[in-house]
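Residue strings, one per chain:
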Amino acid sequence: MHREPKVERFSENVLSKYQIYNSLFLTLPFDDIRKTGSLLPLFLEVCEEGFKNDKNPSEIVESFFNKYLDNPTEEERNDLLFRFIQYIERQVVLFDAIEDAAFPIVNNMDGIGTLRNIKEEAESQNQKDKLRQFLSHFKVRPTLTAHPTQFYPGDVLGIITDLDKAIQSNDLVKIKQLLSQLGKTPFFKKEKPTPYDEAVSLIWYFENVFYQSVSKIYNYVQHNIFDGESVDNKIIDLGFWPGGDRDGNPFVTTEITLKVARRLKSTILYCYYKDARELKRRLTFEGVREIMEELEKTLYKGAISPDQEIDITVDEFKNKLHQIREIIINKHHSLFLEEVDDLLNKVNLFGYHLATLDIRQDSGVHEEVLSEIIEVCKTKDETLIPENYFELSDEEQISILSDVKANLADDEFTSEEGMGKATISSIYAMQKIQKENGENGANRYIISHSEKPQSILEPFAFLRLCGWETPTVDIIPLFETVPDLQAAPSVMETLYQNPVYREHLKNREDKQTIMLGFSDGTKDGGYLMANWSIFKAKEELTAISRKYDIKVMFFDGRGGPPARGGGKTHQFYASLGSKIENQQIQLTVQGQTISSNFGTQDSCQYNLEQLISAGVSNELFNLGKNDLSDADRETMMELAESSYKTYMDFRKHSKFIPYLEKMSTLRYYSRTNIGSRPSKRNNQELNLDNLRAIPFVGSWSQLKQNVPGFFGVGTALKEFEDRGEFDKVKSLYDNSIFFKTLLENSMMSLTKSFFELTSYMKNDEEFGEFWNVIYEEYTRSKEMLLKITGYKHLMENEPAMRASIQVRERIVLPLLTIQQHALRMVQQLEGVDPDRLKMYENMVTRSLYGNINASRNSA
């Protein structure tokens, strides 16, 4: 059967439908919507023409009002600009819903990277037994985080879901109703969400998407790869950070952690209840119906009473389902056996925990807690930690942390400002969650900014100080900065040589999870160096772990691939080679990346299958093929070092932080009320160390400059060209999928850049030279990437994705123009007219929402 190219399927099923449904906005029965919807296309034309003629955003806004309105007042002008912002936000929602609805048409659900594809490839290469063996231990773990890059409130997410269904069935009446609902639904919150609010918002995806998609994948593997036999491996685990991630978020308390864990449990019980209720309608047979009725009542009671212990354990639940299974096989001709097996598989997958609630804290906080423990011990005449601990050698400190045990209570910590009580109580919370939800409810403790062995041994000691002599917890160091990544192998070898910690690993099945990169790698080290440092660290950590018979699992922050995520995640993982352990793929997913990659059951299933396929391909089909040659490795190292120097020189520029503070939307992120966590780690003067990566990357995205995704790449490539060695770079590109993926993701960052928006800054007295530095590197990077790929334009190999980006960028161009105009007005009015200043600051803040949502994987 002939299948149209992907870009044509996109054009027919997304672009054409968007143009049709977008016109429905004009028919909605709201005041001024016809006028707003009629004027917005005219404003878009003025924007496009204005930027071609090198006009600044304020000149473009002025020319629009002069051309199409009759001498409006400033209040009338700004009222229309705010209505444009609201209208564009809803256009973005409509486009999202249409893309979601068309996902299984635009993407080949049985094509390359899907389970069906890897099954058929394994069979064609006579490797189905190897495939079974690999899937008996390999796992994928997506971990949802609450980092503030998702601007859709829960009500809007629900509308998108319903629009998706209505669009798939071409139900124009329903679509028009939903667009009317969208027009009345606010996109912003007057108050910041609590960590619990964030958790509830994201648990929606578990209940409505992952629950169905994960079980569907597991069922396919069981029936089509294991030929119906049981699979003693869940294949997909789910992780969760909201309510457990304490790093830099003072609003995450022990009470919140326990409340989130209860919500996760009640959610999965409710999912089971709905399935059991449906199953009861089918299982009307003698000897079975009574069991189902009892199960249904028990699950319902557990779902609506999360504070009370459920009357049936997980094992008892499974035994009931096995009992039902045997009865219908032996007495009822296996009727509805598949449905019973589906529920049984779900219970095996999700237990009573649904997802593992990770606990995370910064290593600097742990050192403060140690100081508090010393003070507590002084009041009790105990010496668990000696008073001169911080003056001791590394070896002495490691010895103390390895041996210490006690039964400290959290109420022994009386300091109002200290973190001792919060930290110790979080450990007791983990014990409680494990008791109520099962061990998988909370069995991971992550340490941000791990710099030395003590960083990992401190929380290990805290566990044992809470009477947890053999803690059922994985201690996970997070190595973020380039220096920390370089030190990581030495740190881990010290731990592996430590008898006490090694015994702990033995109790954890000789497995060690290590988190790499996350937020600060690209921010601190630049694009190529950050990704190359992570790659090298993985190779070295794999070698060290194998030396000590430890199975290492790598946990990648923000999706693993470059620029903190986005792009071809599966291709990135398939490219890592034999020198990097391939036991699991663990990655964080956040913000709009959750809704864009996992927002529907189709997209969730597709992207999870792509991740599984990446692990399979790396192990079965490409083993050793992706390993770098010595020559290519040397080229990669030179490129990384050159780009690192370029980026660090840029970062040290005296205008770097002032540019972000004065010319970007950086200071407005904290006003959007889309996340509970502060935008910087403390209240001190802003610098790169305390600036969080999300507002950092997001601010460059709002400027349409996307510095974190390309800066230094062009200069590094140009150096090879200038000395006549470009063939070395071309060899690396041709031989290494890893390097090719880095450059392709960089191309996406460049494609999403639009320097015409801010070209007026080149004439700015303070920041003109700095803007030119950025623009020159952008131009250089674009030129070099086109040369190495042989493309005529960026993303030539991904025309459908490129088309999607172009449509989204065109939708938000008026929004960005309004934002830049408002920023210019803020600069003029500061210290002059506080009332007008406040209005334009509100305009900047409101403009953030639509642009970030349209970008989907920008931050």
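As the structure is a computational prediction, the values presented were derived from the model and not from experiment.

Criteria and cut-off values
- Residues numbered from 1 in each chain as written.
- Predicted model: local features only at pLDDT ≥ 70, side-chain atom pairs only at ≥ 80, totals over all residues.
- Heavy atoms only, no water.
- Helix = DSSP H or I, 4+ residues; strand = E, 2+ residues; numbered from the N terminus.
- Rg over C-alpha atoms; globule rule 2.2 N^0.38 Å.
- Buried < 20%, exposed > 50% of the residue type's maximum accessible area, 1.4 Å probe, protein only.
- Contact = heavy atoms within 4.5 Å.
- Areas by Shrake-Rupley, 256 points an atom, 1.4 Å probe, with all protein chains shown as cover.
- Lys, Arg positive; Asp, Glu negative; His and termini not counted.
- Charge placed at Lys NZ, Arg CZ, Asp CG, Glu CD.
- Polar contact = N/O pair within 3.5 Å; in protein donor to acceptor, adjacent residues only side chain to side chain.
- Axes fitted to C-alpha atoms, helices over the stretch in contact; angles between N-to-C directions.
- Parallel < 35°, antiparallel > 145°, perpendicular 65-115°, else oblique.
- Nonpolar A, V, L, I, M, F, W, Y, C, P; charged D, E, K, R; others polar.
- Salt bridge = Lys/Arg side-chain N within 4 Å of Asp/Glu carboxyl O.

**Q** What am I meant to see in the overall build of the chain here?
**A** Along the chain, the regular secondary structure elements total 33 helices and nine strands. For a compact globule of 859 residues, the expected C-alpha radius of gyration is about 29 Å, and the chain comes in at 28 Å, within 12% of that figure. When the backbone C-alpha atoms are referred to their principal axes, the chain occupies close to 75 × 70 × 60 Å. Going through the 859 residues of the chain one by one, you find that 61% of them count as buried. Sequence-distant contacts in the chain: of pairs separated by 6 or more residues, those separated by 24 or more amount to 81%. When the accessible surface of the chain is totalled, it reaches about 33800 Å², and 46% of it is carbon and sulfur. Between the averaged position of the 103 positive side-chain charges in the chain and that of its 130 negative side-chain charges there is a distance of 4 Å.

**Q** Just checking my understanding: could you explain unusual backbone geometry for this structure?
**A** The general pattern is negative phi for most residues beyond glycine and trans for most peptide bonds. Although it is not a glycine, I235 adopts a positive phi angle of roughly 70°. Relative to the helices and strands, I235 resides in the loop between α9 (195–225) and β2 (239–240). Accessibility expressed as a relative area gives 1% for I235, which makes it buried. If you check the backbone angles, L354 has positive phi at about 65° while not being a glycine. Among the structural elements, L354 can be located in the loop between α13 (337–350) and β3 (356–357).

**Q** What should I look at first to understand the side chain of T36 in this one?
**A** Secondary-structure assignment places T36 in helix α2 (residues 33–52). When its relative accessible area of 3% is taken as the criterion, T36 is described as buried. A polar atom in the side chain of T36 sits 2.7 Å from the side chain of R83. Dropping the residues within four chain positions of it, T36 is found in contact with L80, R83, F84 and Y87.

**Q** Hey, could you run me through the packing of α9 against helix α23 (residues 591–598) in this one?
**A** Helix packing for two helices is described by the angle between their axes and how far apart those axes are. Two elements in contact, α9 and α23, have axes whose closest approach is 12 Å; the angle formed by their N-to-C orientations is 10°. Of the possible angle classes, the one that applies to α9 and α23 is roughly parallel. Of the residues in α23, those touching α9 at L202, Y205, V209 and F210 are I594, S595 and F598. Residue composition of the contact of α9 with α23, grouped by class: six nonpolar, one polar and no charged.

**Q** I'm lost on the pattern of salt bridges in this one. Help?
**A** Going through the model one piece at a time under the given rule, you end up with 60 salt bridges. Close ionic contact of E294 with K320 constitutes a salt bridge, the shortest N to O distance being 3.8 Å. With a gap of 26 residues between them, E294 in helix α11 (residues 289–304) and K320 in helix α12 (residues 314–331) connect regions that are remote in the sequence. According to the relative accessible area criterion, E294 is partly exposed, its value standing at 44%.

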